[in-house]
Amino acid sequence: MATPVVTKTAWKLQEIVAHASNVSSLVLGKASGRLLATGGDDCRVNLWSINKPNCIMSLTGHTSPVESVRLNTPEELIVAGSQSGSIRVWDLEAAKILRTLMGHKANICSLDFHPYGEFVASGSQDTNIKLWDIRRKGCVFRYRGHSQAVRCLRFSPDGKWLASAADDHTVKLWDLTAGKMMSEFPGHTGPVNVVEFHPNEYLLASGSSDRTIRFWDLEKFQVVSCIEGEPGPVRSVLFNPDGCCLYSGCQDSLRVYGWEPERCFDVVLVNWGKVADLAICNDQLIGVAFSQSNVSSYVVDLTRVTRTGTVARDPVQDHRPLAQPPPNPSAPLRRIYERPSTTCSKPQRVKQNSESERRSPSSEDDRDERESRAEIQNAEDYNEIFQPKNSISRTPPRRSEPFPAPPEDGELDAATAKEAAKPSSAMDVQFPVPNLEVLPRPPVVASTPAPKAEPAIIPATRNEPIGLKASDFLPAVKIPQQAELVDEDAMSQIRKGHDTMCVVLTSRHKNLDTVRAVWTTGDIKTSVDSAVAINDLSVVVDLLNIVNQKASLWKLDLCTTVLPQIEKLLQSKYESYVQTGCTSLKLILQRFLPLITDMLAAPPSVGVDISREERLHKCRLCYKQLKSISGLVKSKSGLSGRHGSTFRELHLLMASLD
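The paragraphs below set out a description of the structure included in this document.

Scoring rules and cut-offs
Residues numbered from 1 in each chain as written. Predicted model: local features only at pLDDT ≥ 70, side-chain atom pairs only at ≥ 80, totals over all residues. Heavy atoms only, no water. Core = buried A, V, L, I, M, F, W, Y, C linked by side-chain atoms within 4.5 Å. Buried < 20%, exposed > 50% of the residue type's maximum accessible area, 1.4 Å probe, protein only. Helix = DSSP H or I, 4+ residues; strand = E, 2+ residues; numbered from the N terminus. Axes fitted to C-alpha atoms, helices over the stretch in contact; angles between N-to-C directions. Parallel < 35°, antiparallel > 145°, perpendicular 65-115°, else oblique. Left-handed = near helix turned anticlockwise from the far one by under 90°. Contact = heavy atoms within 4.5 Å. Nonpolar A, V, L, I, M, F, W, Y, C, P; charged D, E, K, R; others polar. Pairing = 2+ DSSP bridges. Patch = residues over 30% accessible without salt bridge, like charges linked within 9 Å, V, L, I, M, F, W, Y side chains within 5 Å. Areas by Shrake-Rupley, 256 points an atom, 1.4 Å probe, with all protein chains shown as cover. Salt bridge = Lys/Arg side-chain N within 4 Å of Asp/Glu carboxyl O.

1. Digging into the nonpolar core
Membership of the largest hydrophobic core comes to 41 residues, with the highest contact counts inside it found for Trp554, Leu570, Leu585 and Leu626. Listed by contribution, the elements that provide at least two residues to this core are α9 (524-533), α10 (537-547), α11 (556-570), α12 (575-601), α13 (610-636) and α14 (641-653). Counting residues per element, this core draws most heavily on α12, at eleven residues. Of all hydrophobic cores here, the second largest spans 27 residues; its members include Val194, Ile213, Phe215 and Tyr337.

2. Section: the packing of α12 against α13
Running from amino to carboxyl end, α12 crosses α13 at an angle of 125°, the nearest separation of the two axes being 9 Å. Comparing their axes, α13 and α12 come out oblique. Judged by the twist between their axes, the crossing of α12 over α13 is left-handed. Contact residues: Leu585, Leu589, Leu593, Ile596, Met599 and Leu600 in α12; Arg612, Arg615, Leu616, Cys619, Arg620, Cys622, Tyr623, Leu626, Ile629 and Val633 in α13. By residue class, the composition of the contact of α12 with α13 is 13 nonpolar, no polar and three charged.

3. A short note on the sheet that holds strand β12 (residues 129-133)
Spatially, β10-β11-β12-β13 is the arrangement adopted by the four strands of the open sheet, whose pairing is antiparallel. Every other strand in the sheet has two partners, leaving β10 (108-113) and β13 (138-143) as the edge strands with one partner each. Here the average twist between neighbouring strands, direction ignored, is 25°. Across five bridges, strand β11 (residues 119-124) lies against β12 in antiparallel orientation. The partner of Val120 across the bridge, within β12, is Trp132.

4. Considerations on the environment of Leu176
Along the chain, the position of Leu176 falls in the loop between β16 (171-175) and β17 (180-185). Since its relative accessible area comes to 17%, Leu176 is described here as buried. Between the alpha carbons of Leu176 and Gly159 there is a distance of 8.3 Å; along the sequence they are 17 residues apart.

5. Section: the sheet that holds strand β8 (residues 87-91)
Within the open sheet, the four strands sit side by side as β6-β7-β8-β9. Their pairing is antiparallel. Each edge of the open sheet is held by one strand with a lone partner, namely β6 (66-71) and β9 (96-101). Across the sheet, the mean angle from the axis of one strand to that of its neighbour is 20°, orientation sign disregarded. Here five bridges tie strand β7 (residues 77-82) to β8, and the two strands are oriented antiparallel to one another. Each residue of the ladder has a partner; that of Gly81, found in β8, is Ile87.

6. Points about the pairing of β17
Pairing of β16 with β17 involves five bridges; the strand directions are antiparallel. Directly across from Val171, in β17, lies its bridge partner Phe185. What sits between the antiparallel neighbours β16 and β17 is a turn of four residues, in which Gly179 has the positive phi angle 70°.

7. Here's the deal with a nonpolar patch on the surface
Taken together, the side chains of Met501, Val504 and Leu505 define a hydrophobic patch exposed on the protein surface, amounting to about 280 Å² of accessible area. Within the fold, Val504 resides in helix α8 (residues 498-519).

In structure tokens:
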């Protein structure tokens, strides 16, 4: 009897080249877990079927990079917001543009569809939130209250509330009927990146760059619990469909949390870097991440993950729907959302409005039609996912099968490994190995790019070190004519560059120990001075990443030391260095620029005031350094993608220097 093969809990499913330029946003369809939409710096929105290499549909019309995308619940409409502030809505089943919405003055950071009507909410870097009626093609209401960019919007399951998260460290809850803010939830000490409603209870979760997740009671409007110690900024969270736990997509791991009391049920290592979105289907969690023009998808088998403090469910019972967990007697029961009947609030566009809108468009719609196109790249995949338009009753995509899990590393013996090295159609069917493929469009570069030199900007997340080839460290593929690799040759290849790397890491460790010895005295300024004196930017970056987490550590004399280093970081070829420099510069501008400008504009004091003179000297020094940096920021504000957006925001903050 054959021994059953142990399969992996988490694995990489696929990697594709999604756009001709950098990917700037993406979203998974939450209903099917199989539809992926990506927005790029090439101003396109591309539709993909998970685990299939070819693009289903490419949507054009935007004239600037697409910063945010969102699918509605039935996955029949998609909305995309651009860097210029325009919003476009496409009908995926009709394969055409539906609406163009104009009104924001800066790039769109967040979007969400109303669950029971044809409304869209948009949040922008201009700090405004707008509610749009797709049918009437207009803004219904504008919500003001945030002081910085609105990073995430979510409608409540019953469609009565809207939650917003922003860079101003706050979460706000808006009453759609009354058109006003119901409550503000302070507590985070960094930008809030994501909010998510519990699927059943009056509970809201928020994740922030301060590395915490907070849970808010929406009856008492107070914090329930706070989970600290996340390995990095929280960018993606998702409640389990039955509401028993919350999944957090962390750097290279998935964490499973409970909130009453706060506790971590499980941690699953997933090599996905900075995961951008999560979805659940067939007891599998799908995670997607992007870096430059590539998008990678990953799968976690939730049947092998602890979700309620008890053992994981039996895989044999996977086909059964998740049962509602018994209530915890020690936890207070919250109200449940009252969802309206879908028979009376279901959108009427399909039966009444869609045909007339298509056949008798306005002149503005004609212009949208000419400027925007939906190019079906793969008709077979398109017909499989999107149902024909002439059917009044739209049905979701057919139920998909779970992705097969590959065997655990080390499970196959040597004989099996030899067989696996040979081409085998059976193995290819069971465990497909996806290849990188470029979007099949004439204007796009060929699928086999020419070898290129080291990139000008080295991304913060990458799968291999720059300048090293993974093939140098792996045994060569067996070819009948080739001699078998001996152990000595294999060891020499593995050790190649090892001694040099050890010297570099030892030196960096010694430098960090020196800075840490000064840090323990409590003198932050001297610690930074010692890091600068070492003349190693990597040590400065490590220290600034700590100081940036606590804004209260920043003082005016610290700025005079850090600003010259920030100028170097902004010109670095390493993406992580540029990100750290931008974060530090933003903190300095927000906390000290008003003080600096006021001090320089104030009339001279009467008499001798030593402390004021010292402060004035520091302000002049900081002003001179900021003027030097402002030219660099202005030159980089024309870049596309996330970097360009960050530099444009910094350029706006530095406007008072001109």
